[in-house]
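Geometric and topological summary
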Amino acid sequence: MAAVLTTISQRLRLLSRLAIALVLCLSLALTACSSSAGGLTGNYVEDTVAVADSLLATLALGADDPGRSEAETQARSLINGYMARYRPRSTVNGLGSFTTMQTALNSLAGHYTNYPNRPVPDALKERISKELKKAETNVVRGA
């Protein structure tokens, strides 16, 4: 009887380990398939226009706006997702629209990193807005 219980106990341990391994594999697969890039579609033109519009809206928020902090956090996430998706693509990263966009994103991300509690200065806001609009225009033209 003791041998039977030992065998059953060993099988239960094996099944529980397999179940844990299966759950871990499924959670890893679901995490890898999630859209962690901030809702980017994978279409360079659409994503560039959407990111530029979103960042322009964030820049337009006033310094005393209660949603500014959350908008800046989302903007950082969007910047990181966009750059992670398109910087490694050689078909995209040589385009003028991408280099202009990259310049604007680097400037904005640098400000958010170095001065997290300060609003974007007007001069920087104006320059980034011009670059985002230029990138948006160029990407629609195909440049």
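Residues numbered from 1 in each chain as written. Predicted model: local features only at pLDDT ≥ 70, side-chain atom pairs only at ≥ 80, totals over all residues. Heavy atoms only, no water.

**Considerations on helix α5 (residues 122-141)**
The end-to-end C-alpha separation of α5 is 29 Å, in line with the 28 Å expected for 20 residues at 1.5 Å each. Buried within α5 are the following residues: Leu124, Ile128, Ser129, Glu131, Leu132, Ala135, Glu136, Asn138 and Val139. Where α5 is buried, its residues contact α2 (44-60) and α4 (96-114). After α5 finishes, the residue Gly142 shows a positive phi value of roughly 100 degrees. (Helix = DSSP H or I, 4+ residues; strand = E, 2+ residues; numbered from the N terminus. Expected span 1.5 Å × (residues − 1). Buried < 20%, exposed > 50% of the residue type's maximum accessible area, 1.4 Å probe, protein only. Contact = heavy atoms within 4.5 Å.)

**Some remarks on the packing of α2 against helix α3 (residues 68-86)**
Between α2 and α3, the least distance of the axes is 10 Å, while the angle of their chain directions is 155 degrees. Between α2 and α3, the interaxial angle falls into the category roughly antiparallel. α2 and α3 meet at a crossing whose hand is left-handed. Where α2 approaches α3, its residues Tyr44, Asp47, Thr48, Val51, Ser54, Leu55 and Thr58 are matched on the opposing element by Ala71, Glu72, Ala75, Leu78, Ile79, Tyr82, Arg85 and Tyr86. The residue makeup of the contact of α2 with α3, split by class, is nine nonpolar, three polar and three charged. (Axes fitted to C-alpha atoms, helices over the stretch in contact; angles between N-to-C directions. Parallel < 35°, antiparallel > 145°, perpendicular 65-115°, else oblique. Left-handed = near helix turned anticlockwise from the far one by under 90°. Nonpolar A, V, L, I, M, F, W, Y, C, P; charged D, E, K, R; others polar.)

**Thoughts on the side chain of His111**
For His111, the location among the structural elements is in helix α4. Within polar-contact distance, the side chain of His111 engages the backbone oxygen of Pro119 at 3.3 Å. (Polar contact = N/O pair within 3.5 Å; in protein donor to acceptor, adjacent residues only side chain to side chain.)

**Description of the pattern of salt bridges**
Scanning the model with the defined rule gives three salt bridges in all. In this structure, the salt-bridge partner of Arg68 is Glu72, at a minimum N-O distance of 2.8 Å. Of this pair, Arg68 and Glu72 both sit in helix α3, separated by four residues, roughly a single helical turn. There is no split in this pair, since Arg68 and Glu72 are both buried. For Glu131, the salt bridge goes to Arg127, with nearest N and O atoms at 3.3 Å. Of this pair, Glu131 and Arg127 both sit in helix α5, four residues apart, roughly one helical turn. (Salt bridge = Lys/Arg side-chain N within 4 Å of Asp/Glu carboxyl O.)

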